[in-house]
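So you can see what is in the structure, the chains are spelled out below.
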Amino acid sequence: MATRWRRRRMCVLVADQVSPAALREVSARGAFLETNARPTLGAEVELRHPEAGTIHGTVQAVAHDGVRLGFACGEHSVGFALAAIAADMSRPSPR
């Protein structure tokens, strides 16, 4: 989702501790978060978005700039992804 309207919405990642995270990508199947947190692979975590709500996920990958989460694809994850995307589209991106 690297379009002009896509901003990196600030979220909260709850793993071993609570950490700020910027939502870079999101879909019904998962998300990539830019964060300094480095939970272990396979860890169950919680992602809190200011407008989309909360979703539980599993850490699928850890990179130098963040983590990839996987979601159980279903109605809740589809709603979460759509709400997160809509929240980004409803405000003009900062320049």
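For the structure itself, look to the data block above.
For clarity, every value in this text was computed on a predicted model and none was experimentally measured. (Residues numbered from 1 in each chain as written. Predicted model: local features only at pLDDT ≥ 70, side-chain atom pairs only at ≥ 80, totals over all residues. Heavy atoms only, no water.)

Scanning the chain for helices and strands turns up one helix and six strands. Starting at the N terminus and walking to the C terminus, you meet the elements of the chain as β-β-β-β-β-β-α. Scored against the burial criterion, the 95 residues of the chain give a buried share of 42%. When contacts within the chain are restricted to residue pairs at least 6 apart in sequence, those whose partners lie at least 24 apart make up 54%. For the chain, the exposed area adds up to about 5,600 Å²; of that, 54% sits on carbon and sulfur atoms. (Helix = DSSP H or I, 4+ residues; strand = E, 2+ residues; numbered from the N terminus. Buried < 20%, exposed > 50% of the residue type's maximum accessible area, 1.4 Å probe, protein only. Contact = heavy atoms within 4.5 Å. Areas by Shrake-Rupley, 256 points an atom, 1.4 Å probe, with all protein chains shown as cover.)

Of all hydrophobic cores here, the largest spans 21 residues; its most connected members are L13, L23, V26, L33, L47, L69 and F71. Put simply, the parts of the chain that give this core at least two residues each are β1 (9-14), β2 (18-27), β3 (30-34), β4 (44-49), β5 (53-63), β6 (66-70) and α1 (75-89). A per-element tally of this core places α1 first, with four residues. (Core = buried A, V, L, I, M, F, W, Y, C linked by side-chain atoms within 4.5 Å.)

In this structure the tally under the stated criterion is four salt bridges. Where E34 meets R24, a salt bridge forms, and the shortest distance between an N and an O atom there is 2.9 Å. Of this pair, E34 sits in strand β3 while R24 sits in strand β2; the two residues are ten residues apart in sequence, bridging distant segments of the chain. The closest approach of N and O atoms between E46 and R48, which form a salt bridge, is 2.5 Å. Linked through salt bridges whose partners overlap, the residues forming this network are R24, E34 and D65. (Salt bridge = Lys/Arg side-chain N within 4 Å of Asp/Glu carboxyl O.)

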